[in-house]
Amino acid sequence: MDNLQLWQRYQDWLYYHPGLELYLDVSRVRFDNAFVETLAPKFDRAFRALEALEKGAIANPDEQRMVGHYWLRAPELAPNDQLRAEITEPLLQIKDFVRKIHAGEIKPPDREKFTTILSVGIGGSALGPQFVAEALAPDVPPMEIHFIDNTDPAGIDRVLEHLDLATTLVIITSKSGGTPETRNGMLEVRHAYEKQGLDFPKHAVAVTMPGSKMDEYARDWLTRFPMQDWVGGRTSELSAVGLLPASLQGIDIDAMLAGAREMDIATRVHDLKTNPSALLALAWYYEGNGKGEKDMVILPYKDSLYLFSRYLQQLVMESLGKEKDLDGNTVYQGIAVYGNKGSTDQHAYVQQLREGVPNFFATFIEVLEDRRGESIDVEPGATSGDFLSGLLQGTRQALYENHRDSITITIPEVTPRHVGALIALYERAVSIYASLVNINAYHQPGVEAGKKAAASVLDLQRQIVGILQESGNPLDLNALAAKAGASDRVEAIYKIVRHLDANHRGVKVEGDFGKPDTLQISAR
Ligand SMILES: O=P(O)(O)OC[C@H]1O[C@](O)(CO)[C@@H](O)[C@@H]1O
């Protein structure tokens, strides 16, 4: 196609949301009308499935759960009064709590006010709050936020080092209330408080499902915010998980909810061409041949949106990365997502995108407003923002010319309303795409395998330490494995003792480390 034909295609396929002033351009994805027609029955089925989901169908059959994240911004659509109350009451609780924290009515024992937030959580209990903090926190927020999102001791220390714990409010977020990384983070933070003689429960709040282990554990904390059973971690940004920290940072959560609500209305439309999430799902399906054959590269040309790709990574990959379809067939579905920000990535990996393996499609996120206030000319007639805009257009064109497709989403500015809308746009696109390829987007059975394997390594570690403590003599790896009744797990035992030795944990490993067979292991 020449430039004028492309311009016509742009206009033919342009989606524009007048309220949000949001554009979605799929013109640089090379599907044709015949392809779109072949997918029409699948889209009809997807639209009907989503309607049923919003009415309260068990859309997550494995877990026998309803899927209600769309109700969070339209409680009137929830199927009954109890579910509606599960949305409206926590929202009121959050607003009341935040007002009291900001006013110093709820305060730490020995200080006037809480000034800082420490959020402990992982996956869906961290990525949304991190993305939103980066995108929307005011330059001078009422409270600054920090995150612990791993069980890495050095990472935890690095975060704690910078905090005045006496004025820090700790939010522990875990839907299940049983995620080990979050539990560990909480225990580490609690220990740090105790070391300073501070009363941890008077600094802590929990966001978790009522009745979870965490819910029980946090009984004597400042308060607990409920997470709904029918909201998955990766779609929980607009529940207490995201709204509590956002509101504490002075971000307008009503505007976030309003933006998502507006987008939900647009993405409920049963018409492919006028439903932006359906257009996204169409583009994903076309690019990956309905099998995820191409990766999704997310390139926001705005620094404040750079965590959007990390957020989407979980939303898309945990939802779509599935071995089985809904009929039990082995399908190995998924779409790999990565990205950072433009034009920074132009000086990192765009070389490969332009000329290397053509195994991806790009999504440009464009923000029309460069900055609040005036810009200087960095060259005659050109500002830094003009460069950013030019680089986006240029990269899009250069990729297309080399048969690399792209989608472009344009928003006027990065506001709470637009961030809410972007979240809702992708949540629905994931729902629609999952339906097109007939998978359950709302469970994550694959994550369990790694968790179980980790638990079994820790059991083995306890056993090995016991054997070493009892044995008077050093043992080699095979003897140690035989004593543990785990002769087929020598490699796991080798890694356990090497780690314990490196951390001076009562185990000594001696010998030639390049030849594991020579190693002698003893209790220190
Ligand atoms: O909020 P939780 O229950 O601690 O879970 C954290 C994350 O762990 C997962 O369950 C994966 O293990 C994600 O789906 C979830 O967002």
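Residues numbered from 1 in each chain as written. Predicted model: local features only at pLDDT ≥ 70, side-chain atom pairs only at ≥ 80, totals over all residues. Heavy atoms only, no water.

**Considering the overall build of the protein**
Each helix and strand in the protein was counted, giving 17 helices and 13 strands. Against the globule reference of 24 Å for 524 residues, the protein gives a C-alpha radius of gyration of 26 Å, in line with a compact fold. Considered along the principal axes of its C-alpha atoms, the protein spans approximately 85 × 60 × 55 Å. With 524 residues in all, the protein has 51% of them scored as buried. (Helix = DSSP H or I, 4+ residues; strand = E, 2+ residues; numbered from the N terminus. Rg over C-alpha atoms; globule rule 2.2 N^0.38 Å. Buried < 20%, exposed > 50% of the residue type's maximum accessible area, 1.4 Å probe, protein only.)

**Overview of the pattern of salt bridges**
Tallied over the entire structure, the rule returns 30 salt bridges. In this structure, Asp-229 engages Arg-65 in a salt bridge whose closest nitrogen and oxygen atoms are separated by 2.9 Å. Placement of Asp-229 in the loop between β7 (223–226) and α8 (240–248) and of Arg-65 in the loop between α2 (33–54) and α3 (81–103) is noted, with a sequence separation of 164 residues between them. Residues Lys-202 and Asp-199 are paired through a salt bridge, measuring 3.1 Å at the closest nitrogen-oxygen approach. On the basis of relative accessible area, Lys-202 is assigned to the partly exposed category, the value being 43%. Asp-199 gets classed as partly exposed once you look at its relative accessible area, which sits at 34%. Beyond isolated ion pairs, a larger network of salt bridges with shared partners links Asp-96, Arg-99, Lys-100 and Glu-105. (Salt bridge = Lys/Arg side-chain N within 4 Å of Asp/Glu carboxyl O.)

**What to know about a nonpolar patch on the surface**
Together, Ile-376, Val-378, Phe-387 and Leu-391 line one region of the surface with nonpolar side chains, adding up to about 350 Å² of accessible area. As for its placement among the helices and strands, Phe-387 is situated in helix α13 (residues 384–401). With relative accessibility at 36%, the residue Phe-387 sits in the partly exposed group. (Patch = residues over 30% accessible without salt bridge, like charges linked within 9 Å, V, L, I, M, F, W, Y side chains within 5 Å. Areas by Shrake-Rupley, 256 points an atom, 1.4 Å probe, with all protein chains shown as cover.)

**Section: the site of the ligand**
Around the ligand lies a shell of 15 residues, among which Ser-125, Ser-174, Ser-176, Thr-179 and Glu-318 are the nearest. A distance of 2.7 Å separates an oxygen atom of the ligand from a polar backbone atom of Gly-124. Between the ligand and Ser-125, the relevant distance is 2.7 Å, taken from an oxygen atom to a side-chain nitrogen or oxygen of the residue. When the ligand sits alone it has 390 Å² of accessible area, and the protein chains cover 89% of it. Looking at the shell around the ligand, the elements with two or more residues in it are α11 (308–320) and α15 (445–470). (Near = heavy atom within 4 Å. Polar contact = N/O pair within 3.5 Å; in protein donor to acceptor, adjacent residues only side chain to side chain.)

**Brief notes about the sheet that holds strand β10 (residues 360–367)**
A sheet is described by the order of its strands in space; here six strands give the open sequence β1-β2-β11-β10-β8-β9, paired in mixed fashion. Of all strands in the sheet, those bounded by a partner on one side alone are β1 (15–17) and β9 (337–339). If you compare each strand with its neighbour and ignore which way they point, the axes differ by 15° on average. Taken together, the three bridges between strand β2 (residues 22–25) and strand β11 (residues 406–411) define a ladder with antiparallel strand orientation. By the bridge assignment for β11, Leu-24 is matched with Ile-409. Of the strands in this sheet, β2, β10 and β11 are in contact with α13, which crosses β10 at around 160°. (Pairing = 2+ DSSP bridges. Axes fitted to C-alpha atoms, helices over the stretch in contact; angles between N-to-C directions. Contact = heavy atoms within 4.5 Å.)

**Comments concerning the UniProt feature "active site" (unreviewed entry) in the protein**
When the UniProt feature table is mapped onto this chain, "active site" (unreviewed entry) is found at Glu-318, His-347 and Lys-451. Spatial dispersion of the annotated residues is evident: they stretch over 134 residues in sequence, and the largest pairwise C-alpha distance comes to 36.9 Å. Locating Glu-318 in the fold gives a position in helix α11. When its relative accessible area of 23% is taken as the criterion, Glu-318 is described as partly exposed. Look past the residues within four positions of Glu-318 in its chain and what remains in contact with it is Arg-234, Gln-313, His-443, Gln-444 and Val-447. Take His-347: it is sitting in the loop between β9 and α12 (350–355). Residue classification places His-347 among the exposed residues on the basis of a relative accessible area of 71%. (UniProt positions renumbered as here; feature names shortened; annotations may be inferred.)

**Re the sheet that holds strand β5 (residues 168–174)**
Overall, parallel pairing links the five strands, which are arranged β4-β3-β5-β6-β7 in an open sheet. The sheet is open, and its two edges are formed by β4 (144–148) and β7, each paired on a single side. Between one strand axis and the next, the sheet turns through 20° on average, direction left out of account. By the bridge criterion, five bridges tie β5 to strand β6 (residues 204–208) in an arrangement that is parallel. Residue pairing for β6: Val-170 is matched across the bridge by Ala-204. Helix α5 (residues 153–161) rests against β3 (116–120) and β4 of the sheet, and its axis sits at about 165° to β4. Contacting β3, β4 and β5, helix α6 (residues 180–195) crosses the sheet at an angle of about 160° to β5.

**With respect to unusual backbone geometry**
The phi angle of most residues is negative, glycine excepted, and most peptide bonds adopt the trans form. For the peptide bond that leads from Gly-342 to Ser-343, omega is 0°, which places it in the cis range. Summarising the element assignment, Ser-343 is placed in the loop between β9 and α12. Its identity as a non-glycine residue notwithstanding, Tyr-332 has a phi of 45°, on the positive side. Along the chain, the position of Tyr-332 falls in the loop between α11 and β9. Here Tyr-332 falls in the exposed class, since its relative accessible area comes to 59%. We note that His-504 has phi near 50°; this positive angle belongs to a residue other than glycine. Position of His-504 relative to the elements: it lies in the loop between α17 (490–502) and β12 (507–510).

**Side note on the nonpolar core**
Residues Phe-43, Phe-131, Leu-244, Trp-284 and Tyr-426 are the most contacted members of the largest nonpolar core, which totals 101 residues. Sort the elements by how many residues they give to this core and helix α14 (residues 416–436) lands first, with 13 residues. Setting aside its immediate chain neighbours within four residues, Leu-244 contacts Ile-94, Phe-97, Val-98, Ile-171, Val-205, Val-207 and Phe-225. Counting 22 residues, the second-largest nonpolar core is a separate cluster that includes Val-120, Leu-165, Ala-166 and Tyr-193. (Core = buried A, V, L, I, M, F, W, Y, C linked by side-chain atoms within 4.5 Å.)

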